[in-house]
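# Remarks on the overall topology
For reference, the chains in residue letters:
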Amino acid sequence: MRSELQAIQADFDQAIDQIQTLVDLDALEVRFLGRKQGVVTELLKQLKTLPKDEVGPVGALANEVKTHIADGLAARRRTLDNNEIAIDVTLPGLARPVGHLHLMTTAIRQISDVFARIGFERVRYPEVEWDYYAFEALNMPADHVARDEWETFFIDRQPIDKKLGQRVLTPHTSSGQIRKMEEGILPIKMINISKCYRRQIDVSHVPMFHQFEGLCIDRGVNITHLKGTIDYFVQNFFGPERTTRLRPYHFQFTEPSFEIDINCGICLGKGCRMCKEGWLELGGAGMVHPNVLKAGGIDASVYSGFAFGWGVERTYLMKSGVNIDDLRALYKNDLGFLQQF
Ligand code: PHE
């Protein structure tokens, strides 16, 4: 039995060196120490057949062999465990996907940055607004036809105040003019950028879009200040070679009113295949109507002001190098599209 034990140990020592995986190691453990039919276990069962004075020394040897095998298994298990979970710290890591700002967030920041440089304070006002601020106080009384131009979403709730009227989703940022004036601090130089809502959708319109609205009120403000401010913006936002022209127009809340055109970035106003006549329409502007100043609690005989309100999406898409031919793409949440910018 002694020699059998020695043979088992030798067997084990040879086998353990071949083991490369934890699965094989488990199998080896079963083969030698398994409670049923393990080689060592089986041999130990025969101890009692030995002559009495042999039992002690052979038993001791058997225990030594058993411990030797158990230690060998444990040592091998430790090295295999370490290898199998080993991390090669020199391998390049997996980069986490990093997002970026939405194109319109970037546009809004650029716009407010340009105006900040000439002292326009960035403000925001409610996007669920009262009829009063969106229309009434802007010189558009109930039933006035001019209201039709703003394809307004009305909120289906009973008005709670006769003067404020119905709740609406802001169809333009001009409601912020009255809100700002009501704060009662003069002079005013604000740039109000927020979401607007209109019932419209096609290549150049989405039902939710953004406008930026400038308002400047002080003593002696006139059209040259409007023109100078707009040109400053256009040259800083689009490039130094760009300029604007004012084209007579009509808004109820400005008098006189204009549409602002910018010279085409390709032909610089001469006229080309892209723009046809050399000018592209940016948006509305004008001198604040005396009725609007009055609604905002400002003495129109002392103060005057200008205002303009343009679409952020529309303006940004006119930047050269931005080739987006369908404005709706901005809000489809299609990463393939958005990641290009
Ligand atoms: N609120 C007007 C619009 O949405 C734009 C505008 C703003 C015009 C301010 C004049 C002055 O079309």
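Below is a summary of the structure that appears in this document. (Residues numbered from 1 in each chain as written. Predicted model: local features only at pLDDT ≥ 70, side-chain atom pairs only at ≥ 80, totals over all residues. Heavy atoms only, no water.)

Here we take up the sheet that holds strand β5 (residues 208-218). Within the open sheet, the seven strands sit side by side as β1-β4-β5-β9-β8-β7-β6. Their pairing is mixed. Single-partner strands in this sheet number two, and they are β1 (121-123) and β6 (244-251). Here the average twist between neighbouring strands, direction ignored, is 25°. Strand contacts of helix α5 (residues 103-117): β1, β4 (188-197), β5 and β9 (304-311), with the helix running at about 165° to β4, the strand carrying the most contacts. Against the sheet, helix α7 (residues 175-182) makes contact with β1, β4, β5, β8 (279-288) and β9, and its axis sits at roughly 140° relative to β4, the strand it touches most. (Pairing = 2+ DSSP bridges. Helix = DSSP H or I, 4+ residues; strand = E, 2+ residues; numbered from the N terminus. Axes fitted to C-alpha atoms, helices over the stretch in contact; angles between N-to-C directions. Contact = heavy atoms within 4.5 Å.)

Our next topic: the pattern of salt bridges. Evaluation of the coordinates by the stated rule reveals 14 salt bridges. Measuring nitrogen to oxygen at the nearest pair gives 3.1 Å for the salt bridge that ties Glu42 to Lys45. In this pair, Glu42 and Lys45 both sit in helix α3 (residues 39-45), three residues apart, roughly one turn of the helix. The class for Glu42 is partly exposed, based on a relative accessible area of 29%. Accessibility expressed as a relative area gives 45% for Lys45, which makes it partly exposed. We note a salt bridge from Asp231 to Lys227, for which the minimum N-O separation is 3.1 Å. (Salt bridge = Lys/Arg side-chain N within 4 Å of Asp/Glu carboxyl O. Buried < 20%, exposed > 50% of the residue type's maximum accessible area, 1.4 Å probe, protein only.)

This paragraph deals with the packing of aromatic side chains. Two numbers describe a pair of aromatic rings. These are the distance of the centres and the angle of the planes. Counted under the stated rule, the structure contains 20 aromatic pairs. Considering the side-chain rings of Phe115 and Phe120, the 5.6 Å spacing of their centres and the 65° angle between planes classify their relative orientation as edge-to-face. Grouping residues by exposure puts Phe115 and Phe120 together as buried. Relative to Phe238, the ring of Phe237 lies with its centre 5.1 Å away and its plane at 85°, an arrangement referred to as edge-to-face. Looking at Phe238, the relative accessible area reads 9%, which means it is buried. (Phe/Tyr/Trp six-rings, centres within 6.5 Å; stacked < 30°, edge-to-face > 60°.)

Bringing the pairing of β9 into the picture now. Judged by how many residues are buried, β9 sits mostly within the fold: six of eight residues are covered. Summarising the sheet, β5 and β9 pair through eight bridges and their orientation is antiparallel. Following the sheet pairing, Phe212 is matched in β9 by Trp310. In terms of strand pairing, β8 meets β9 through four bridges, oriented antiparallel. By the bridge assignment for β9, Ala285 is matched with Phe308.

Now for helix α8 (residues 223-237). With 15 residues, α8 should reach 21 Å at 1.5 Å per residue; the first-to-last C-alpha distance of 21 Å fits that figure. Of the residues making up α8, those classed as buried are Leu226, Thr229, Ile230, Asp231, Phe233, Val234 and Phe237. Positioned one or two residues after α8, Gly239 has a phi angle of 140°, which is positive. (Expected span 1.5 Å × (residues − 1).)

The next thing to look at is the site of the ligand. In the vicinity of the ligand there are 15 residues, among which His172, Ser174, Arg198, Gln211 and Gly309 approach most closely. With respect to the ligand, the side chain of His172 contributes an N or O atom lying 2.9 Å from a nitrogen atom. Interatomic distance of 2.9 Å between a side-chain N/O atom of Arg198 and an oxygen atom of the ligand. Protein contact buries 93% of the 330 Å² of open area that the ligand shows by itself. Mapped by element, the contributors of at least two residues to the shell around the ligand are β5, β8 and β9. Looking at side-chain class alone, the shell around the ligand contains six nonpolar, seven polar and two charged residues. (Near = heavy atom within 4 Å. Polar contact = N/O pair within 3.5 Å; in protein donor to acceptor, adjacent residues only side chain to side chain. Areas by Shrake-Rupley, 256 points an atom, 1.4 Å probe, with all protein chains shown as cover. Nonpolar A, V, L, I, M, F, W, Y, C, P; charged D, E, K, R; others polar.)

Let us look at the packing of α5 against α8. Running from N to C, α5 and α8 point in directions that differ by 130°, and their axes come no closer than 10 Å. In terms of axis orientation, α5 runs oblique to α8. For the element pair α5 and α8, the recorded crossing hand is right-handed. The residues of α8 that touch α5, namely those facing Ala107, Gln110, Ile111, Val114, Phe115 and Arg117, are Thr229, Tyr232, Phe233, Asn236 and Phe237. Considered class by class, the residues forming the contact of α5 with α8 number seven nonpolar, three polar and one charged. (Parallel < 35°, antiparallel > 145°, perpendicular 65-115°, else oblique. Left-handed = near helix turned anticlockwise from the far one by under 90°.)

Turning our attention to the packing of helix α1 (residues 2-18) against helix α2 (residues 22-33). Where α1 contacts α2, the two axes come as close as 11 Å, and the packing angle between them is 175°. It follows that α1 is roughly antiparallel to α2 by the angle criterion. Contacts between α1 and α2 involve Ile8, Asp11, Phe12, Ala15 and Ile16 from the first element and Leu25, Leu28, Arg31 and Phe32 from the second.

Note that all results are geometric; they support no functional claim without further evidence.
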